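Next come the chains, spelled out residue by residue.
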Amino acid sequence: MPTYEFRCRECGSTFDVRRPMAESSDPAACPEGHADTVKLLKMAGLAGSNTSAATAPQAGGGCCGGGCCG
């Protein structure tokens, strides 16, 4: 079952809620009892190092990078 992260607009705390995808947009009450919450967007799978950027060849040649400036 997926986990969704919410933030309470009243107290600022963040908390996780496990629920079926069909209920992903349903409101969730803060553990402190506040009802004004918002679901946060998680960027799963985007963390980590980008090794291809570190080993990509560098373009060379002048001010525009391609040597076409004359």
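Note: the structure precedes this text.
Because the structure is predicted, anything quoted here is derived from the model rather than measured.

Thoughts on the pattern of salt bridges
One pass over the structure, following the stated rule, counts one salt bridge. In this structure, the salt-bridge partner of Asp36 is Arg9, at a minimum N-O distance of 3.6 Å. Of this pair, Asp36 sits in the loop between strand E2 (14-18) and strand E3 (37-39) while Arg9 sits in the loop between strand E1 (3-8) and E2, placing them 27 residues apart in sequence.

With respect to the sheet that holds E3
Overall, antiparallel pairing links the three strands, which are arranged E2-E1-E3 in an open sheet. On the outer flanks of this sheet lie E2 and E3, each paired with one strand and no other. Ignoring strand direction, the axes of neighbouring strands in this sheet form an average angle of 35°. Pairing geometry for E1 and E3, over three bridges, is antiparallel. If you follow Cys8 over to E3, its bridge partner there is Thr37.

Considering the packing of aromatic side chains
Going through the model one piece at a time under the given rule, you end up with one aromatic pair. Pairing Phe6 with Phe15 gives two aromatic rings, centres 5.8 Å apart and planes at 15°, and the pair type is stacked. Assigned by exposure class, Phe6 and Phe15 land together as buried.

Looking at the pairing of E1
Where burial is concerned, the two faces of E1 differ: the one with Tyr4, Phe6 and Cys8 is buried and the one with Thr3, Glu5 and Arg7 is not. Relative to E2, E1 is paired through five bridges, and the arrangement is antiparallel. Note on E2: the bridge partner recorded for Arg7 is Thr14. Linking E1 back to E2 in an antiparallel pair, the connection comprises five residues, with Gly12 at a positive phi of about 85°.

Reading the values: rules and limits
Residues numbered from 1 in each chain as written. Predicted model: local features only at pLDDT ≥ 70, side-chain atom pairs only at ≥ 80, totals over all residues. Heavy atoms only, no water. Salt bridge = Lys/Arg side-chain N within 4 Å of Asp/Glu carboxyl O. Helix = DSSP H or I, 4+ residues; strand = E, 2+ residues; numbered from the N terminus. Pairing = 2+ DSSP bridges. Axes fitted to C-alpha atoms, helices over the stretch in contact; angles between N-to-C directions. Phe/Tyr/Trp six-rings, centres within 6.5 Å; stacked < 30°, edge-to-face > 60°. Buried < 20%, exposed > 50% of the residue type's maximum accessible area, 1.4 Å probe, protein only.

These figures capture arrangement, not role.
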